[in-house]
Amino acid sequence: MSTLNPKKLLNSKWTAVKPERKEKHFIIIETEYDEDGAMVRCLMQAVMTKREFEIEWHDLKNIEQWRAGWL
């Protein structure tokens, strides 16, 4: 995914290319922006385990780690 709009990440779905802990599918459940509109927080949740963690939204551009949608 070459272009990724941080304003449209909320509720987007992602697939891990190399799943760990049997967690393959994820959803962005929270985003937070500063007063200038730059993203300061992106919270991702594993669909199966409900484990939550913060992720740098730029990391989602790495096609060796993440694919957009649930594959």
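The structure this text deals with has already been given above.
All of the points below concern the structure found in this document. This is a predicted model, so every value here is computed, not measured.

What about the side chain of Q45?
With respect to the helices, strands and loops of the structure, Q45 is situated in strand β3 (residues 39-46). Ignoring anything within four residues of it in the chain, the contact list for Q45 reads H25, F26, I27, I29, K50, R51 and E52.

Here we look at the sheet that holds strand β2 (residues 23-33)
Here we have five strands laid out as an open sheet, ordered β4-β3-β2-β1-β5, and antiparallel in their pairing. This sheet does not close on itself; its edge strands, each paired only once, are β4 (52-54) and β5 (66-68). The sheet shows a mean angle of 35° between the axes of neighbouring strands, direction not considered. For β3 and β4, the ladder comprises three bridges, and the chain directions are antiparallel. By the bridge assignment, Q45 is partnered in β4 with E52.

About the cut-offs
- Residues numbered from 1 in each chain as written.
- Predicted model: local features only at pLDDT ≥ 70, side-chain atom pairs only at ≥ 80, totals over all residues.
- Heavy atoms only, no water.
- Helix = DSSP H or I, 4+ residues; strand = E, 2+ residues; numbered from the N terminus.
- Contact = heavy atoms within 4.5 Å.
- Pairing = 2+ DSSP bridges.
- Axes fitted to C-alpha atoms, helices over the stretch in contact; angles between N-to-C directions.

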